[in-house]
Amino acid sequence: MIDGINIELTDLDFNLWEKHPELKFAVLVDEDSGAKLGSRKASYKGLDFIIEPRGKAKIKGSIHKFFNDGAHNANRFTYDDFQEAVNRLSEFGVNPETALLRGFEIGLNLDTTATKIDNNTFLDSILYCRGVERSDMEINGKAGYGYAYKSTNAKYKFYNKSEQSTTQVQLLRIETKFTRMRAVENYGMISLADLLDRTKLTKLIADKYLKFIDETIYFEWDQIKTSRRLPAKYKSKFKDLRNPNWWIKDQRSNTNRQRNKEQLEKLIKTYAKRDIKSILKGLISLELSAFTRTKNCYEYTEFEPLKKWNCLEKNAQKDVTDTPRIVRCDNHDQREGKEKKKYCLTCGKEITHQKSDSKYCNDQRKCRDKAYNLKVSEKKQAKRSQKEKEIINLIKDLGNEFNLIRTTNPNRKKRKGVPTRKTSVIATIGGKKRYYHGADARFFLNEFDKRTKTELLTQCPDDTRLKHSQQ
């Protein structure tokens, strides 16, 4: 949950860092002018240890990555893990009571694989966040993998964590980064020890993380493409409600904005196949419940802010690491008892009320047909790829030892008034003929032409023994 930190040490003995075998300090240089800045920095397991000329010592970086020995910060990072990581910092002379906070971030890695929803769908559904325009985030030097919303004292980020790590699962990252400490001064967040205080941390997460997610407005365009199904009184207003630019107008009051937000969410719940905000809140609830559990006991106290979300089960899973990541829903969809919830494999809509063997929702068979068409398409693509590999190997291995004739399909019945299509080829190999039709024939001709052009550039035309004729 706690990831990036920026702390200043007020009582550090610099000899401890300078003599530490793992810290190799180098003088920082200005990238533009090349001039030495005077500060010295050493990087170790995701953290930067900085000694400034005026005698200040700072530690910046990802404490989550530090806990993982510098490998990554893409897995689950619990409260117990955070405590252990802070204890490890004592090796570098860090006293949590005197280590002053200059900035930090809280965030979660959400496994969205089970939702059957692509991360880009989650990202593109954000209409409004904190009244500021969004900016594209760059991951590994490329833009388009997420969005950032920068306010006066904090920055809110939604991005595809899978693009930043080597994990095999689909991860969505949502975080709040505090760039100025006045954003959290009312919560008593002064030192690193304050982040270890469960009471302070609980209130901070509720007000600065859960609240911002709940206030953010989400809308999937594909779920309600037009206003045709909506009542007449909503049709004209709906055009504004789905427009991102309409939401960030300065003249709109908070009361008016809240009223419009509630109206849009009501339309989504009534006319859309799924509510992506409810799905997102369910994922967050699952991760936060795991964040507050302890590894040494099976029972845990329910995280207070999550009671408002009504998305937690009564009993925790025994194994925190292997907790199944399921999509949950709001309290109005919850059922009594311990009935296991089921969701449509195509759109993610809950189908618990359907038959036990149902895999798709009963919405005019659209999801069932979509899944079937996808399987057929995958089989066709696999068959085509296999055929293309066969053709490439055939041209490569036999080279000039066969004749290629472009023709029509000899097995096709000729019909009066219907022109024949020249979409077939006959390859004669060792006296035997092989026929390729349609897309396979066009692919064969393209690859054959590429090879012919290459050979014409490297040898005389008279040496070419290929015959390429047309009937």
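Residues numbered from 1 in each chain as written. Predicted model: local features only at pLDDT ≥ 70, side-chain atom pairs only at ≥ 80, totals over all residues. Heavy atoms only, no water.

A. Representation of the overall build of the protein chain. Counting its secondary structure elements, the protein chain contains 13 helices and 16 strands. By the burial criterion, 42% of the 471 residues in the protein chain qualify as buried. Of all intrachain contacts in the protein chain linking residues separated by at least 6 positions in sequence, the fraction that spans at least 24 positions is 56%. Of the roughly 27700 Å² of accessible surface on the protein chain, a fraction of 45% belongs to carbon and sulfur atoms. (Helix = DSSP H or I, 4+ residues; strand = E, 2+ residues; numbered from the N terminus. Buried < 20%, exposed > 50% of the residue type's maximum accessible area, 1.4 Å probe, protein only. Contact = heavy atoms within 4.5 Å. Areas by Shrake-Rupley, 256 points an atom, 1.4 Å probe, with all protein chains shown as cover.)

B. Local environment of the nonpolar core. Of all hydrophobic cores here, the largest spans 67 residues; its most connected members are Trp17, Phe104, Ile174, Leu192, Tyr209 and Ile284. Each residue touching isoleucine 174, except ones within four places of it in the same chain, is listed here: Ile106, Gly107, Leu108, Leu110, Lys157, Phe158, Tyr209, Phe212, Ile213, Leu280 and Ile284. (Core = buried A, V, L, I, M, F, W, Y, C linked by side-chain atoms within 4.5 Å.)

C. Representation of the sheet that holds strand S6 (residues 99-111). Taken in spatial order, the ten strands line up as S2-S3-S4-S5-S1-S6-S11-S10-S9-S8 in an open sheet, and their pairing is antiparallel. The sheet is open, and its two borders are formed by strand S2 (26-29) and strand S8 (135-139), each paired with just one other strand. This sheet shows a mean twist of 25° between the axes of neighbouring strands, independent of strand direction. With respect to the sheet, helix H10 (residues 276-292) is in contact with S6 and strand S11 (171-178), its orientation differing from that of S6 by roughly 120°. (Pairing = 2+ DSSP bridges. Axes fitted to C-alpha atoms, helices over the stretch in contact; angles between N-to-C directions.)

D. Structural context of the packing of aromatic side chains. Summed over the entire model, instances satisfying the criterion amount to 16 aromatic pairs. For the ring pair phenylalanine 104 and phenylalanine 178, a centre distance of 4.9 Å and an interplane angle of 50° mean the geometry is tilted. Remark: phenylalanine 178 occurs in strand S11 and phenylalanine 104 occurs in strand S6; sequence separation between them is 74 residues. Within the aromatic cluster, the residues linked to one another by ring pairs are Trp17, Phe25, Tyr44, Phe49, Phe66 and Phe92. Against the face of tyrosine 147 rests arginine 134, its NZ or CZ located 3.8 Å from the ring centre. Geometry around tyrosine 79 places arginine 198 over its ring, the cationic atom sitting 4.2 Å from the centre. (Phe/Tyr/Trp six-rings, centres within 6.5 Å; stacked < 30°, edge-to-face > 60°. Lys NZ or Arg CZ within 6 Å of the ring centre and 35° of its normal.)

E. A look at the pattern of salt bridges. The final tally for this structure, using the stated rule, is 19 salt bridges. With its nearest N and O atoms 3.0 Å apart, the salt bridge here joins glutamate 84 to arginine 88. Here glutamate 84 and its partner arginine 88 are both found in helix H3 (residues 79-88), four residues apart, which amounts to about one turn of the helix. For glutamate 84, a relative accessible area of 36% corresponds to the partly exposed category. Two residues, glutamate 175 and lysine 157, come together in a salt bridge whose shortest N-O distance is 3.4 Å. Of this pair, glutamate 175 sits in strand S11 while lysine 157 is found in strand S10 (residues 154-160), placing the two residues 18 residues apart along the sequence. Judged by its relative accessible area of 2%, glutamate 175 is buried. Through salt bridges with shared partners, a single network forms among Asp214, Lys261, Glu265, Lys277 and Lys281. (Salt bridge = Lys/Arg side-chain N within 4 Å of Asp/Glu carboxyl O.)

F. A look at helix H7 (residues 232-241). Among all positions in H7, only Tyr234, Phe238 and Leu241 are buried. Around the axis of H7, the buried residues are gathered within 60° of arc, so they sit on the same side. Opposite its buried face, H7 presents the exposed residues Ala232, Ser236 and Lys239, each directed more than 90 degrees away. Buried residues belonging to H7 abut strand S7 (126-128), helix H8 (244-247) and helix H9 (254-271). (Arc of directions from axis to C-beta.)

G. Representation of helix H6 (residues 198-215) in the model. Along its 18 residues, H6 runs 24 Å from first to last C-alpha, staying within 8% of the 26 Å computed at 1.5 Å per residue. By the largest-angle criterion, isoleucine 205 marks the main kink of H6, which is about 30°. Three or more residues of H6 are buried, namely Leu201, Thr202, Leu204, Ile205, Ala206, Tyr209, Leu210, Phe212 and Ile213. Near the N-terminus of H6, the side chain that reaches the backbone nitrogen of threonine 199, with its oxygen 3.0 Å away, is that of aspartate 197. (Expected span 1.5 Å × (residues − 1). Bend = angle between axes of the 7 residues up to and from the residue. Polar contact = N/O pair within 3.5 Å; in protein donor to acceptor, adjacent residues only side chain to side chain.)

H. How the structure looks around the confidence of the model for the protein chain. In this model, the protein chain carries a mean pLDDT of 79, and residues with pLDDT of at least 70 account for 76%. In the model, residues 297-302 has pLDDT below 50 throughout and makes eleven contacts with residues more than four positions away in sequence or in other chains. (pLDDT = per-residue confidence, 0-100.)

I. Focus on the pairing of strand S3 (residues 36-44). Examined bridge by bridge, S2 and S3 share three bridges and lie antiparallel to one another. The residue of S3 that forms the bridge with valine 27 is arginine 40. As judged from the five bridges shared by S3 and strand S4 (residues 47-51), these two strands associate in the antiparallel manner. If you follow serine 43 over to S4, its bridge partner there is aspartate 48. Joining the antiparallel neighbours S3 and S4 is a turn of two residues, in which lysine 45 adopts a positive phi near 50°.

J. Focus on a positive patch on the surface. A surface patch of positive charge is lined by Lys225, Arg229, Lys366 and Lys370. For lysine 370, a relative accessible area of 56% puts it in the exposed group. (Patch = residues over 30% accessible without salt bridge, like charges linked within 9 Å, V, L, I, M, F, W, Y side chains within 5 Å. Lys, Arg positive; Asp, Glu negative; His and termini not counted. Charge placed at Lys NZ, Arg CZ, Asp CG, Glu CD.)

K. Main features of the packing of H7 against H9. The geometry of H7 relative to H9 is characterised by a closest axis approach of 11 Å and an angle of 110° between their N-to-C directions. The angle between H7 and H9 places the two elements in the roughly perpendicular class. Facing H7, whose interface residues are Tyr234, Lys237, Phe238 and Leu241, H9 presents Asn260, Gln263, Leu264, Lys266 and Leu267. The residue inventory of the contact of H7 with H9, partitioned by class, reads five nonpolar, two polar and two charged. (Parallel < 35°, antiparallel > 145°, perpendicular 65-115°, else oblique. Nonpolar A, V, L, I, M, F, W, Y, C, P; charged D, E, K, R; others polar.)

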